[in-house]
Amino acid sequence: MINQELSEIFNTIADALEFKGENPFKINAYRKASRILKDFSENLREFSEDHPLTCISGIGDGIAKKIKEYIATGKVSKLEEVRKDIPAGIFEMVRIQYLGPKTLKLAYEKLGVGSLKQLKKVINDGSLSRIPGMGPRKVERIMDAIHLSETTQMKNKRFVIGELFPVIEEIVSKLKNVADEVVPCGSYRRMKETLGDINLLATSNQKKKVIDFFVSLQNIDEVLNVGPTKAIVLLKNPSLQVDLRVVNPDSFGASLQYFTGSKAHNVALRTIAKSRGLKINEYGVYKTNRKVAGKTEESIYSSIGLEFIPPEIREDTGEIELAKEHALPKIIDYRDFKGDLHIHSNYSDGIESIAELANHAKKMGFKYIAICDHSRSVTYAGGLSKDKLLEKNEEIDRLNKKLKNFTVLKGTEVDILSSGRLDYPDSILETLDIVIAAIHQGFRRNVTARLIDAMNNPLVNIIAHPTGRLINIRNGYDVDLDKVFEQAQKTGTILEINAYYERLDLNDRHANKAKSMGIHFSIGTDAHNIGMLKYWKLGVGIARRAWLEKNDVINCYPLRKLKAIL
DNA sequence: GCCGTTTTCGGCCCGACTGTTTTCAGTCG
């Protein structure tokens, strides 16, 4: 993907300039561009055809020119130029913790170190620690970091957010024994689909006590960093970094804001504050030495004239400009969610009975659920024969008579076969309240055409997990999403945001694009057991990141309106 | 290299922790 490639190129240019000791602000401009392009929602090649690249905030004439050069020629001459006289090994070593540009430059100039192999040599023979400015402890730290980077292969490894739910929950509940408040922040609070680390914020007037407790928790492999208000540890299993910051209760809002990020969002906020003669840090907002805000997160935003911005959209992708105008859309709230529309029961490959699922969902506060078991061809997942499906319908009818203020919808996740046909005839689909069509086979066979055919059937309400990707496991189907979106727009077909944590499909960027075309969405956990129902929140999180509003998501509709749209 | 509710020039977020220093540089988030 070209965006990714350009992102890496500008990051490497930044590394090179940093090694050379050039203007830090110029370096920062490249880093910023790298970050922007990595998360940019459109394909840059196509985007550049009908937009000036400089309309992207953070991309100016210089970088725009380099992007165009890359599109035209497949290379960026600036990159060739700056890395010409730097050994290639430097670019690998700079990824290792504690090996920054200054340290690498020192080792290069004094000892000619240009590769990891050479670095290890000067560590082992003691020459590195004899350089002025270095010392035994610094060298030891570097040695550990090298070891870590070689043994764990966790280079840039990001964890799927749902996998970390239990890990976060456990640490938070333990910390609550010693701290007043404990809140997970960072990309978890922003509901990104993957997390690189865990950031925890605690409030307490006895900070040291909280920190001491934290660094002595079980399951800690190594304490990387510990001070009076902050500690960083490396967990054993899973092997990831957890940062804890402890502040006084009166700084809670400021710290929450600071620790939630994103970094780009925070930098933009602090810049606005500065232009207004204010200073934002993690303790509050200050006018010279007087604190003017900090207790709540809302107070931080209002102190610099901004509307409150929900965590999930703090990515500096236009939310700040709208907040200045007090014109942010009212994005879907977790409380708007009325029920899960994609659940499997023990009729196919789920664990629990429909009654058990219904009772549990009702306790969770849902108003309805849809039971959408697999269709007959999906034999490996216990797909239902026609007769079995009709039998299931009858069971649901009986159950609905007994349930109060709760409804089970009769559904299916019907397969779109390799031939392009649906796995049930229309006469069967007609007996259902909700029909989700999905591809589980033939991932490379005319996927786009098959999806379009399915959408042309008026009995099909929803397309499940439209791209078929599994995060960190496999790429999606061979599908042209633009065509799928066009067809969904034309036919009024609803697209699923599958909330299972390995899918999250559509993702935030796709959903945002589809919304702009007026497409509606349904959120389904694809739960195969009761424990998976809780991941509905991930679906809403993705919807929020996609800037969807209540009306865009059919799970927010009361039952009558839901049935009407189906 | 980017950007503009002081500006097309002259700024560019802010602080914690570590280690090597005797007041601060480097790295990280």
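Residues numbered from 1 in each chain as written. Chains lettered and ligands numbered in written order. Predicted model: local features only at pLDDT ≥ 70, side-chain atom pairs only at ≥ 80, totals over all residues. Heavy atoms only, no water.

**Q** Give a description of the layout of surface pockets that names residues and reports values.
**A** For the second largest pocket, the calculated volume is near 440 Å³. Taken together, 14 residues form the lining of the second largest pocket, with Phe165, Pro184, Tyr188, Met191 and Lys537 sitting closest to its centre. In terms of residues, the lining of the second largest pocket owes the most to one element, helix 10 (residues 161–175), which gives four residues. A domain split of the lining of the second largest pocket shows at least three residues from each of domain 2 (159–247) and domain 4 (334–565). (1 Å grid on protein atoms, 1.4 Å probe; cavity = no way out; pocket = protein on both sides within 12 Å on 5 of 7 lines; lining within 4 Å. Points joined across faces, edges and corners; volume = space filled by probe spheres on them. Helix = DSSP H or I, 4+ residues; strand = E, 2+ residues; numbered from the N terminus. Domains from an automatic or database assignment.)

**Q** Pulling in residues and values, what's your account of unusual backbone geometry?
**A** Cis geometry is adopted by the peptide bond preceding serine 262, which originates at glycine 261 and carries an omega value of -5 degrees. Structurally, serine 262 is set in the loop between helix 13 (252–260) and helix 14 (263–275). For the bond from aspartate 505 to leucine 506, the omega torsion is 0 degrees, close enough to zero to count as cis. Residue placement: leucine 506 occurs in the loop between strand 16 (494–498) and helix 22 (508–516). Positive phi, close to 50 degrees, is recorded for asparagine 446, a residue that is not glycine. You can see asparagine 446 is positioned in the loop between strand 14 (434–438) and helix 20 (447–456). Look at tryptophan 547: it is not a glycine, yet its phi comes out positive at around 65 degrees.

**Q** Report on the protein's contact with DNA strand B, specifying residues and quantitative values.
**A** Around DNA strand B there are 47 residues in total, and Gly58, Gly60, Tyr98, Thr103 and Arg270 lie nearest to it. Looking at DNA strand B alone, sugar and phosphate atoms form 77% of those within 4 Å of the protein. Within the backbone of glycine 62, a nitrogen or oxygen atom sits 3.0 Å from a phosphate oxygen of DNA strand B. In this structure, glutamine 241 approaches DNA strand B through a side-chain N or O atom, which is 3.3 Å from a phosphate oxygen. Breaking the surface near DNA strand B down by element, the ones donating at least two residues are helix 2 (24–38), helix 4 (61–73), helix 7 (101–111), helix 9 (136–151), strand 5 (220–226), strand 7 (241–247), helix 14 and strand 8 (279–281). Take the surface near DNA strand B: its biggest share by element is five residues, from helix 14. Grouping the constituent residues of the surface near DNA strand B by class yields 16 nonpolar, 16 polar and 15 charged. (Near = heavy atom within 4 Å. Polar contact = N/O pair within 3.5 Å; in protein donor to acceptor, adjacent residues only side chain to side chain. Nonpolar A, V, L, I, M, F, W, Y, C, P; charged D, E, K, R; others polar.)

**Q** Account for the packing of helix 8 (residues 116–124) against helix 9, with residues named and values stated.
**A** Packing of helix 8 against helix 9 leaves a shortest axis separation of 11 Å and a crossing angle of 140 degrees. Compared by their axis directions, helix 8 and helix 9 come out oblique. Pair helix 8 / helix 9 crosses with left-handed handedness. Counted together, Leu116, Leu119, Lys120 and Ile123 of helix 8 and Val139, Ile142, Met143, Ile146 and Glu150 of helix 9 form the full contact between these two elements. Tallied by class, the residues present in the contact of helix 8 with helix 9 amount to seven nonpolar, no polar and two charged. (Axes fitted to C-alpha atoms, helices over the stretch in contact; angles between N-to-C directions. Parallel < 35°, antiparallel > 145°, perpendicular 65-115°, else oblique. Left-handed = near helix turned anticlockwise from the far one by under 90°. Contact = heavy atoms within 4.5 Å.)

**Q** Outline the nonpolar core, supporting the account with residue identities and numerical values.
**A** If you look at the biggest cluster of nonpolar residues, it comprises 95 residues, and the most contacted ones within it are Ile171, Phe214, Leu244, Ile369 and Val408. Inspection of this core shows a minimum of three residues originating in each of domain 2 (159–247) and domain 4 (334–565). Non-local contacts of phenylalanine 214, meaning those with residues more than four positions away in its chain, are made with Ile171, Leu175, Ile220, Ala231, Val233, Val242 and Leu244. Residues Phe10, Leu17, Leu37 and Ile146 belong to the second largest nonpolar core, which totals 46 residues. (Core = buried A, V, L, I, M, F, W, Y, C linked by side-chain atoms within 4.5 Å. Buried < 20%, exposed > 50% of the residue type's maximum accessible area, 1.4 Å probe, protein only.)

**Q** How would you sum up the sheet that holds strand 10 (residues 290–293)? Please name residues and give values.
**A** The strand order across the open sheet formed by three strands is 8-9-10, and the pairing between neighbours is antiparallel. This sheet does not close on itself; its edge strands, each paired only once, are strand 8 and strand 10. Recorded for the sheet is a direction-independent mean angle of 40 degrees between the axes of neighbouring strands. By the bridge criterion, three bridges tie strand 9 (residues 284–287) to strand 10 in an arrangement that is antiparallel. The residue bridging lysine 287 from the neighbouring strand is arginine 290, located in strand 10. (Pairing = 2+ DSSP bridges.)

**Q** Could you give me a rundown of the domain arrangement of chain A, with the residues and numbers involved?
**A** You can read the domains of chain A as domain 1 (2–154), domain 2 (159–247), domain 3 (252–324) and domain 4 (334–565). At the interface, eight residues of domain 3 touch five residues of domain 4. Interface of domain 3 and domain 4: buried area, both sides summed, is about 540 Å²; carbon and sulfur atoms make up 54% of it. The largest contributions to the domain 3 side of the interface with domain 4 come from Glu312, Ile313 and Glu315, which together make up 74% of the buried area. (Buried area = accessible area lost by both parts, 1.4 Å probe.)

**Q** Kindly report on empty space enclosed by the protein, identifying the contributing residues and their values.
**A** Evaluated as defined, the whole model comprises one cavity of 30 Å³ or more. In this structure, the largest cavity occupies an estimated 40 Å³ of space. Elements that contribute at least two residues to the lining of the largest cavity include exactly helix 1 (2–20), helix 6 (88–93) and helix 7. Here the element with the most residues in the lining of the largest cavity is helix 1; it accounts for three residues.

**Q** Let's hear about the side chain of lysine 66: which residues, and what values?
**A** Position of lysine 66 relative to the elements: it lies in helix 4. Buried charge lysine 66 goes without a salt bridge, the closest partner of opposite sign being glutamate 69 at 7.1 Å. In this structure lysine 66 touches Phe10, Tyr30, Val76 and Lys78, once residues within four positions along its chain are discounted. (Lys, Arg positive; Asp, Glu negative; His and termini not counted. Salt bridge = Lys/Arg side-chain N within 4 Å of Asp/Glu carboxyl O.)

**Q** Got a sec to walk through helix 4? Specific residues and values, please.
**A** Compared with the 18 Å implied by 1.5 Å per residue over 13 residues, the 18 Å span of helix 4 between its first and last C-alpha is a close match. What helix 4 keeps buried is the set Ile63, Ala64, Lys66, Ile67 and Tyr70. End-on, the buried residues of helix 4 take up no more than an arc of 160 degrees, which puts them together on one face. Facing away from the buried side of helix 4 by more than 90 degrees, the exposed set consists of Asp61, Lys65, Ala72 and Thr73. Where helix 4 is buried, its residues contact helix 1, helix 2 and helix 5 (77–83). Following helix 4 by one or two positions, glycine 74 has its phi on the positive side, about 80 degrees. (Expected span 1.5 Å × (residues − 1). Arc of directions from axis to C-beta.)

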